[in-house]
Amino acid sequence: WDFKTNSRNWYMNEREDIAWFEESLDTWMEECRGTGVLKKENGVWKIAHYNLTVLIENDKTDKFIKLRKK
């Protein structure tokens, strides 16, 4: 993966052992969005969840749905 971060917002709980983020990425698929949750275990941050979303403009949605059904 060769993803470049355009922007990223971090949030953390009060104990500072859980963090979550939202990000905008420049990828080979053009702009994507990611979200994730990290948990600190024994002093080490581990990814608990990550989601990558490919953006599709509303006016292209019908064509995309038809393409997925092929």
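What counts as what
Residues numbered from 1 in each chain as written. Predicted model: local features only at pLDDT ≥ 70, side-chain atom pairs only at ≥ 80, totals over all residues. Heavy atoms only, no water. Patch = residues over 30% accessible without salt bridge, like charges linked within 9 Å, V, L, I, M, F, W, Y side chains within 5 Å. Areas by Shrake-Rupley, 256 points an atom, 1.4 Å probe, with all protein chains shown as cover. Salt bridge = Lys/Arg side-chain N within 4 Å of Asp/Glu carboxyl O. Helix = DSSP H or I, 4+ residues; strand = E, 2+ residues; numbered from the N terminus. Buried < 20%, exposed > 50% of the residue type's maximum accessible area, 1.4 Å probe, protein only. Phe/Tyr/Trp six-rings, centres within 6.5 Å; stacked < 30°, edge-to-face > 60°. Lys NZ or Arg CZ within 6 Å of the ring centre and 35° of its normal.

A.B. asks: I keep staring at a nonpolar patch on the surface and nothing clicks. Help me out?
C.D. replies: On the surface, V54, I56, F64 and I65 cluster together into a nonpolar patch covering about 300 Å² of accessible area. With respect to the helices and strands, F64 occurs in helix α1 (residues 61–68). F64 sits in the partly exposed class, given a relative accessible area of 34%.

A.B. asks: How should I be thinking about the packing of aromatic side chains in this particular structure?
C.D. replies: By convention here, two paired aromatic rings are described through the distance between centres and the angle between planes. Inspection of every chain in the model, using the stated rule, returns three aromatic pairs. With a centroid separation of 4.9 Å and an interplanar angle of 45°, the aromatic rings of W10 and F21 are classed as tilted. Separated by eleven residues along the polypeptide, W10 in strand β1 (residues 4–12) and F21 in strand β2 (residues 18–27) bring together distant segments of the chain. Aromatic pair Y11 and W20: ring centres 6.2 Å apart, planes at 20°, arrangement stacked. By relative accessible area, W20 is classed as partly exposed at 38%. The rings of W10, F21 and Y50 are connected pair by pair, giving a single aromatic cluster. Over the aromatic face of F21 sits the side chain of R8, whose NZ or CZ is 5.9 Å from the ring centroid.

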